[in-house]
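Observations on the three-dimensional arrangement
The residues making up each chain are set out below.
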Amino acid sequence: MDFLTIAMPKGRIFEEAAELMKSAGFQLPEEMEDSRKLIVEVPEENIRFILSKPMDVPVYVEHGVADIGVAGKDVLLEQNRSVMELLDLEISYCYLATAGLPNTQMNDVAPRIATKYPVIATSFYKEKGEQVEIIGLNGSIELAPMIGLADRIVDIVSTGRTLKENGLVEYEKIADITSRLIANPVAYRLKQQRILDLTKRLRQAVEEADV
Ligand code: PRP
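Everything numeric in this text was worked out from a predicted model, so none of it was measured.

Some details on the sheet that holds strand β10 (residues 169-177)
As summarised here, the arrangement of the 5 strands in space is β8-β7-β9-β6-β10, forming an open sheet in which the pairing is mixed. Every other strand in the sheet has two partners, leaving β8 (133-136) and β10 as the edge strands with one partner each. If you compare each strand with its neighbour and ignore which way they point, the axes differ by 25° on average. Where strand β7 (residues 112-115) and β8 come together, 4 bridges link them in parallel fashion. Along β8, the bridge assignment pairs Ala114 with Ile135.

Printed below as a string of C-alpha cells:
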C-alpha cells in the first residue's frame, strides 16, 4: 500500500501531534522527534512525515505532495489555501493579538502595524474601519514598536513572556488559535478510507484528552 504522507511543522507542534497520534494507537518510534531528518518514514504504519516550516505545511498539502498535514489556524487564516480542514486537534493553543508600548495611542495618520500576518492584520483593521500601513516582518516582531518601526504589532501570544520581557502590552485579542488536521481534496478522495480512519482515531484521542 502507498505511504500516507503527512506534512508537519518541525519542533513543538510535531512533538505534540506525534504524542496525539501515539495516544490514538499509532506505533511511532520514540526517538523520532530528536532527529534532524526532514523525511521520517514509519513503515510499520505506512506513514511518512515531511517536516517543514509552519507556514509551508499548507503549501505541501495544497500541491498534493503531502496527503494531509497539521497546520496552525493562524497559518490557515493567513493563506486561505485550497485544503480541507478535517479536525481541530486542540494542541498548541495560542492566540493572535495586537500589542504595543503601554499607554500609547496609535498614530492618527497611517499608523504602522508590524506583523508576519499581513492578510489577518489588514482584515482586522479594515473591519474596525481604521486605515493602517502594514509592515511585513519575518520574526522577532516585538522589536518593531520598541525601536520605533511600528505603533502596534499583530502577533501570536502563547505564554505572554515575550511581550512582558520586552515591556509591551496587549491591546486587542483577534482570534484563538489551535492546530488543525488538513487534507488535500484529491488525496482525500483517493485515500478516503485511511484518512477517515486516521481522523476518527485522532478525534477520539482529542476527546479523551479533553476529559
Ligand atoms: C512566537 C510569536 C511571539 C512568541 C510568543 O514567536 O511570534 O514572538 O512566539 O510566545 P510567548 O507568548 O510564549 O512569549 P516564535 O517563537 O515563533 O519566533 P519568531 O520571532 O520567529 O516569530
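That covers the picture; the talk isn't over yet.
Observations regarding the packing of aromatic side chains
One pass over the structure, following the stated rule, counts 2 aromatic pairs. Ring centres of Phe14 and Phe49 lie 5.5 Å apart, and the angle between their planes is 65°; on these two criteria the pair is classed as edge-to-face. Remark: Phe49 occurs in strand β3 (residues 47-52) and Phe14 occurs in helix α1 (residues 12-23); sequence separation between them is 35 residues. On the accessibility criterion, Phe14 (3% relative accessible area) is buried.

A few points about the packing of α1 against helix α8 (residues 192-210)
With their axes 8 Å apart at the nearest point, α1 and α8 run at an angle of 100° to one another. As the angle between them shows, α1 and α8 are arranged roughly perpendicular. Residues Leu20, Met21 and Ser23 of α1 form the contact with α8, whose own contacting residues are Leu198, Leu202, Ala205 and Val206. When grouped by side-chain class, the residues that make up the contact of α1 with α8 number 6 nonpolar, 1 polar and no charged.

Topic: the site of the ligand
The ligand sits among Lys116, Gly139, Ser140, Glu142, Asp155, Ile156, Val157, Ser158, Thr159, Gly160, Arg161 and Thr162. Between the ligand and Thr159 there is a distance of 2.5 Å, counted from an oxygen atom to a side-chain nitrogen or oxygen. Here an oxygen atom of the ligand and a backbone polar atom of Arg161 are 3.5 Å apart. A total of 500 Å² of accessible area belongs to the ligand in isolation, and the protein chains cover 64% of it. Within the residue set of the shell around the ligand, elements represented by two or more residues are β9 (152-157) and α6 (161-165). When residues of the shell around the ligand are assigned to their parent elements, the largest contribution, 3 residues, is made by β9. A per-class count over the shell around the ligand returns 2 nonpolar, 6 polar and 4 charged.

Calculation rules
- Residues numbered from 1 in each chain as written.
- Predicted model: local features only at pLDDT ≥ 70, side-chain atom pairs only at ≥ 80, totals over all residues.
- Heavy atoms only, no water.
- Pairing = 2+ DSSP bridges.
- Helix = DSSP H or I, 4+ residues; strand = E, 2+ residues; numbered from the N terminus.
- Axes fitted to C-alpha atoms, helices over the stretch in contact; angles between N-to-C directions.
- Phe/Tyr/Trp six-rings, centres within 6.5 Å; stacked < 30°, edge-to-face > 60°.
- Buried < 20%, exposed > 50% of the residue type's maximum accessible area, 1.4 Å probe, protein only.
- Parallel < 35°, antiparallel > 145°, perpendicular 65-115°, else oblique.
- Contact = heavy atoms within 4.5 Å.
- Nonpolar A, V, L, I, M, F, W, Y, C, P; charged D, E, K, R; others polar.
- Near = heavy atom within 4 Å.
- Polar contact = N/O pair within 3.5 Å; in protein donor to acceptor, adjacent residues only side chain to side chain.
- Areas by Shrake-Rupley, 256 points an atom, 1.4 Å probe, with all protein chains shown as cover.

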